Each structure stands twice: as C-alpha cells, then as structure tokens.
Amino acid sequence: MRNCPLQHEDSASLLLDHSAGHLDADQSRALNRHAETCGRCRAFLDQQDRLWRVLDAWETEPVSFDFQRRFWLRAEQASAIRWWSGISWKPAIPLAALALCLAIGLPRRPTPNPPPPVDMAAAEAAEQAIEDLDMLSQLQSQMK
Amino acid sequence: MASEPQRSLNNGVEENMMGVLALEPDALLMTQVRAGDSASFATLLNRHRLAVTNFLNRMVQNRAVAEELAQDVFLRVYRSRGTYEPTARFKTWLFRIASHRALNWLRDEHVRQSSDDFSDIRDRRPNAETRLLQEVRLEEVRRAIRRLPEKQRAAVLMHKYQEMEYAEIAEVLGCSESALKSLLFRAYETLREQLAQYA
C-alpha cells in the first residue's frame, strides 16, 4: 500500500471495511502491512475493531410468531377500505342536486289566485283625474 | 412513434429490468406477486421480516413500534404490487421504504417529546438475551446509537447490522457513495468516542 488510507478520502473506507471483514485477502494483507509502519492507521484499526465487537452486543431479536398472520389481516382490511374508497360518487352528484331542488320546492305553500291584469291606460287616466281635481281645488281656494 | 433517444431510454430501462430479474430472485418473486400470486409475497415476507424489523427496532428502539412499522413497510410494498417494475434491487427498495418510515416516526416522536424523554419510551420488556449479554454495555450501545443524527444512525445500522454495501446504502439514503462514506466515518468516530470505555 503506497498511500496512507487516512490521508486519502477515497481509500479511508478501507479501514472501516477491514473491521467489517469486507476486504479480500490481498487488500487485508496490504492494509496490515501498512499499519505495521503507520501509527495512526494502527490506532484507528484497533479502535474500530474494538468498537465493532462492542456493537456486536446488540444482537438480532426474533420477530413475533404471529407477524405473518397480523400482516395478512391488515392487508385484507386495507383492501376492503380501498374497495369502499374506490367507488366513484360522481354519477350521484346530479341526482343529489335534483333531490335538493325537490326538497326546497315541496314545502312551499300554494300561491293564491293571481290578481286580474291591470288596465294601464285606465290607471293613468284615473291618476290624471285625481291630479286634475287636486289642481282644481287649489285654484278654487286661491280665488276665494 | 418514439424518437431515437426515447427508444434508447426504453431499451435501457428494459435491459435494466431484465438484468435485475436475472440477478435477483426477490425481483422475480415480486413480479409473480404482481401477477396475483400471494404465496410469493409470503416467501418475501419470510425472507425479509427479520432484517426489516431488526433494522427498525434499532432505529426507533421500541420493539412494538418496530413491528408495527415493519408491517406498514410490507403493506406498502404489497399495495404497490400492481405497479411494480423491477428497476432496482428489491432489498434496496424495501430498506428505502423502511428508512423513510423510521425517519418519519422519529421526527413525529421528536415533536411529541424532547429527546431526553425519548429514553423513557424505550422498550423495557425483560429480555433473556439482554440479561445474558451484559446489560449495561448493551444499554450504552443503544444509547450511543440513539444519540447519532438520524441519517448517520440509519447508515451505521445498515452497514454494521444488515451488512449492506456502500452503493446500496447510498441508494437507500439518496446520497452519493462518497457522501455516505464521510457520513459513516463521522458516525463511527462519534461511536468510538462514546463507547471507548466499553471497547
């Protein structure tokens, strides 16, 4: 090994791989040879190897015996919910709108008989006559 | 009609899919699940439930929560069976979902309570293994890993306990391989300092 792994970012992971046991025999031999002459790498490898063993204390734990059964139960429930939520409610919207209109319209009271149509000319003539009478009475009072 | 670059892209994706299928039995099983074969999913579940649950347990440090999260992870995979395309390794995809699930849970949990209180929700179920394997040391290991930033924690757990390769972990965490190596270097440095008295 020509260069120190700790001085080169690209090869620094070799030190981690050594503790993890991911190096092949040649790489491992080369690194060990380098570590014999490099105090920093030797110290790093020692500490990392010790850390590796400490971390081994946290072992894999078994999974609950009913993990599979619970999973399939949840999968079934989820697919049932998805079936229900997958229904499209869009076609029901016009029907709902129609029902709403009917609901608003039905309780209304029947309208009373409509008044007879008004003769606009006669109304205007009557109004004119009232105004004429008013003006006449005003004129009479002034003459007195 | 597809343009030349589009055709070459499609060919690339197809080649990638064929490559993944040829190399990986899990991807093959998943394509069978896509075709409606639930038994293949049971095989995948059997194959990966231990690794996923233990990864999640070490992330969230609560056995019951870890199992629930693992169920969520597998449920998400099962739900997306219809659209599954084997463009990546199945395990990478699985751990990507598991990491996201764990990180989200940790963030939600962080909002719910301060990190000091977090230790109180640890799984304190008596465990024969824990008693046998030097309880104090194990507790320190758990605490040291819990104190790591979340991304460093996920990286260390996949590297140390799942024995995943750098490229795989980088893909799961969505970073470059060199960024991952720096991340791991910092994480192990912190762990070496914190666990020096037990090493």
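Model, not experiment: these values are computed from the prediction. (Residues numbered from 1 in each chain as written. Chains lettered and ligands numbered in written order. Predicted model: local features only at pLDDT ≥ 70, side-chain atom pairs only at ≥ 80, totals over all residues.)

### Observations concerning the overall build of chain B
Okay, step 1: Counting secondary structure elements, chain B contains eleven helices and zero strands.
Okay, step 2: Written out in order from the N terminus, the α and β elements of chain B read α-α-α-α-α-α-α-α-α-α-α.
Okay, step 3: Split into buried and exposed, the 199 residues of chain B put 35% on the buried side.
Okay, step 4: Taking contacts inside chain B between residues at least 6 apart in sequence as the whole, the part at least 24 apart equals 66%. (Helix = DSSP H or I, 4+ residues; strand = E, 2+ residues; numbered from the N terminus. Buried ≥ 20, exposed ≤ 12 C-beta atoms within 10 Å, placed from the backbone. Contact = placed C-beta atoms within 7 Å.)

### Points about the overall build of chain A
Okay, step 1: What chain A contains, in helices and strands, is six helices and zero strands.
Okay, step 2: Counting from the amino terminus, chain A carries its helices and strands in the arrangement α-α-α-α-α-α.
Okay, step 3: Out of the 144 residues in chain A, the part that is buried amounts to 12%.
Okay, step 4: Sequence separation of 24 or more characterises 53% of the internal contacts of chain A that already satisfy a separation of 6 or more.

### Some remarks on the interface of chain B and chain A
Okay, step 1: Contact residues are listed per partner, giving 32 residues for chain B and 23 residues for chain A.
Okay, step 2: Secondary-structure elements contributing two or more residues to the side of chain B that touches chain A are helix 3 (38–60), helix 4 (63–79), helix 8 (135–147) and helix 11 (177–194) of chain B.
Okay, step 3: In terms of residue count, helix 3 of chain B provides more of the side of chain B that touches chain A than any other element does, eight residues in total.
Okay, step 4: Here the residues of the side of chain B that touches chain A sort into 17 nonpolar, five polar and ten charged. (Nonpolar A, V, L, I, M, F, W, Y, C, P; charged D, E, K, R; others polar.)

### Description of the domain arrangement of chain B
All names here are of chain B.
Okay, step 1: Each domain of chain B was delimited in the assignment, giving domain 1 (1–125) and domain 2 (127–199).
Okay, step 2: Residue-level contacts link 15 residues of domain 1 with 15 residues of domain 2.
Okay, step 3: Elements represented by at least two residues in the side of domain 1 that touches domain 2 include exactly helix 3 and helix 5 (90–112).
Okay, step 4: Considering each element in turn, the side of domain 1 that touches domain 2 owes the most residues, seven residues, to helix 5.
Okay, step 5: Taken together, the residues that form the side of domain 1 that touches domain 2 break down as seven nonpolar, four polar and four charged. (Domains from an automatic or database assignment.)

### Side note on the environment of His48 of chain B
Residue and element names in this part refer to chain B.
Okay, step 1: Within the secondary structure, His48 is located in helix 3.
Okay, step 2: According to the C-beta neighbour criterion, His48 is buried, with 21 such atoms within 10 Å.
Okay, step 3: For the pair formed by His48 and Ile97, sequence separation is 49 residues and the distance between their alpha carbons is 13 Å.

### Notes on the confidence of the model for chain B
Residues and elements named next belong to chain B.
Okay, step 1: Averaged over every residue, the pLDDT of chain B is 84; residues scoring 70 or more account for 76%.
Okay, step 2: The weakest mean pLDDT in chain B belongs to helix 6 (residues 115–118) at 47; the strongest belongs to helix 9 (residues 150–161) at 96.
Okay, step 3: Of the two predicted TM-score estimates for the complex, the pTM is 0.71 and the ipTM is 0.76. (pLDDT = per-residue confidence, 0-100.)

### Things to note about the nonpolar core
What tends to happen in soluble globular proteins is that the nonpolar side chains get buried as a cluster.
Residue and element names in this part refer to chain B.
Okay, step 1: Leu56 and Ala155 are the most contacted members of the largest nonpolar core, which totals 61 residues.
Okay, step 2: At eight residues, the largest contribution of residues to this core is made by helix 3.
Okay, step 3: Per-domain counts for this core show at least three residues from each of domain 1 (1–125) and domain 2 (127–199).
Okay, step 4: Here Leu56 is in contact with Ala66, Leu69, Ala70, Ala98 and Ala102, once residues within four sequence places are set aside. (Core = buried A, V, L, I, M, F, W, Y, C linked by C-beta atoms within 7 Å.)

### Quick notes on the packing of helix 3 of chain B against helix 4 of chain B
Packed helices, taken two at a time, are described by their axes: the angle between them and the distance between them.
All names here are of chain B.
Okay, step 1: One can describe the packing of helix 3 onto helix 4 by two numbers: an axis separation of 8 Å at closest approach and a directional angle of 140°. Classified by the angle their axes make, helix 3 and helix 4 are oblique. Note on packing geometry: the crossing formed by helix 3 with helix 4 is right-handed. Contacts between helix 3 and helix 4 involve Phe41, Leu45, Arg49, Val52, Thr53, Leu56, Asn57 and Val60 on the former and, on the latter, Arg63, Val65, Ala66, Glu67, Leu69, Ala70, Val73, Phe74 and Tyr78.
Okay, step 2: Partitioning the contact of helix 3 with helix 4 into residue classes produces twelve nonpolar, two polar and three charged. (Axes fitted to C-alpha atoms, helices over the stretch in contact; angles between N-to-C directions. Parallel < 35°, antiparallel > 145°, perpendicular 65-115°, else oblique. Left-handed = near helix turned anticlockwise from the far one by under 90°.)

### Details of helix 3 (residues 39–55) of chain A
Okay, step 1: Across its 17 residues, helix 3 of chain A extends 24 Å between first and last C-alpha, which sits within 8% of the 24 Å expected from 1.5 Å per residue.
Okay, step 2: Along helix 3 of chain A, the positions that sit buried rather than exposed are Cys41, Phe44, Leu45, Gln47, Leu51, Val54 and Leu55 of chain A. (Expected span 1.5 Å × (residues − 1).)

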